[in-house]
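Reading the structure
What follows is the residue order along each chain.
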Amino acid sequence: MSPSEPPMIDLAPLDLPNLRRLAAAEAADFQATEGALPPAHVAARALAQLESGVAPDWCVPYLIVARESGEILGGCRFKGEPVDGRVEIGYGVARSARRRGVATAAVVRMIGLAADSGLVRYVDAHILPDNIASSRVVSRLGFSRLGTVVDPDGELVVHWAYRVAV
């Protein structure tokens, strides 16, 4: 399956004041579907990356926003700047928004952003082995399963990779 432009969502970068609030495990100053916002540890990592000089596009979470209603359905982000033509993505969708193509649309968008940068040849996703739904998302989009690795948090994950068209 070749990713195409998803019609159902937009991505909106999370603003710095709300990123700080989320990192401190405080409420954002806007409404979001329960479970849609990035957890505190994700926001804290993004802040640390910003403070170390990583460009916002490569670390600040994007809100996944329903185009018609404006409802915030989840979040996604690059986990750092591209290294040797590779960049890793992460994403999460509120339980109430699952099984509706939201994660698929967000991953397609992330692939597009990576491709448009001109710096990325591969988009990587590290997925817990028991996260069948997320594995199905990347598999349907044409990611290749490369095996298992231990991520920086010490968790065993499945490494999936998507080759970006150049």
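The following paragraphs examine the structure supplied in this document. All values reported here derive from a predicted model rather than from experimental measurement.

**Considering the overall build of the chain**
Looking only at helices and strands, the chain features four helices and seven strands. In the chain, the order of α-helices and β-strands from amino to carboxyl end is β-α-α-β-β-β-α-β-α-β-β. Its C-alpha atoms give the chain a radius of gyration of 15 Å, near enough to 15 Å, the size a compact globule of 166 residues would have. Counting only C-alpha atoms, the chain reaches 40 × 35 × 30 Å along its principal axes. The 166 residues of the chain split such that 44% are buried. Considering only contacts within the chain whose residues lie at least 6 apart along the sequence, 60% involve residues at least 24 apart. Accessible area for the chain stands at about 9,000 Å²; split by element, carbon and sulfur atoms hold 52% of it. Of note, the chain has its 17 positive side-chain charges centred 7 Å away from the centre of its 19 negative side-chain charges.

**Comments concerning the nonpolar core**
If you look at the biggest cluster of nonpolar residues, it comprises 49 residues, and the most contacted ones within it are Ile64, Ile89, Val123 and Phe143. Top element by residues in this core is helix α3 (residues 102-117). It accounts for nine residues. Once residues within four sequence positions are removed from consideration, valine 123 is found in contact with Val87, Ile89, Ile111, Ala114, Phe143, Trp160, Ala161, Tyr162 and Val164.

**Structural notes on the packing of aromatic side chains**
Scanning the model with the defined rule gives two aromatic pairs in all. Over the face of the ring belonging to tyrosine 122 we find arginine 86, whose NZ or CZ atom lies 4.4 Å from the ring centre.

**Details of the sheet that holds strand β3 (residues 72-78)**
An order of β1-β2-β3-β4-β5-β7-β6 is seen for the seven strands of this open sheet, with the pairing classed as mixed. At either margin of the open sheet sits one strand with a lone partner, and together these are β1 (9-13) and β6 (144-150). Strand-to-strand, the axes of this sheet are offset by a mean angle of 30°, without reference to chain direction. Pairing of β6 with strand β7 (residues 156-163) involves six bridges; the strand directions are antiparallel. Bridge assignment links arginine 145 to a residue of β7, and that residue is tryptophan 160. Packing against the sheet, helix α4 (residues 132-140) makes contact with β4 (86-93), β5 (122-127) and β7, and its axis sits at approximately 160° to β5.

**A closer look at the side chain of serine 135**
Position of serine 135 among the secondary structure elements: in helix α4. In this structure serine 135 touches Ile127 and Trp160, once residues within four positions along its chain are discounted.

Thresholds applied
Residues numbered from 1 in each chain as written. Predicted model: local features only at pLDDT ≥ 70, side-chain atom pairs only at ≥ 80, totals over all residues. Heavy atoms only, no water. Helix = DSSP H or I, 4+ residues; strand = E, 2+ residues; numbered from the N terminus. Rg over C-alpha atoms; globule rule 2.2 N^0.38 Å. Buried < 20%, exposed > 50% of the residue type's maximum accessible area, 1.4 Å probe, protein only. Contact = heavy atoms within 4.5 Å. Areas by Shrake-Rupley, 256 points an atom, 1.4 Å probe, with all protein chains shown as cover. Lys, Arg positive; Asp, Glu negative; His and termini not counted. Charge placed at Lys NZ, Arg CZ, Asp CG, Glu CD. Core = buried A, V, L, I, M, F, W, Y, C linked by side-chain atoms within 4.5 Å. Phe/Tyr/Trp six-rings, centres within 6.5 Å; stacked < 30°, edge-to-face > 60°. Lys NZ or Arg CZ within 6 Å of the ring centre and 35° of its normal. Pairing = 2+ DSSP bridges. Axes fitted to C-alpha atoms, helices over the stretch in contact; angles between N-to-C directions.

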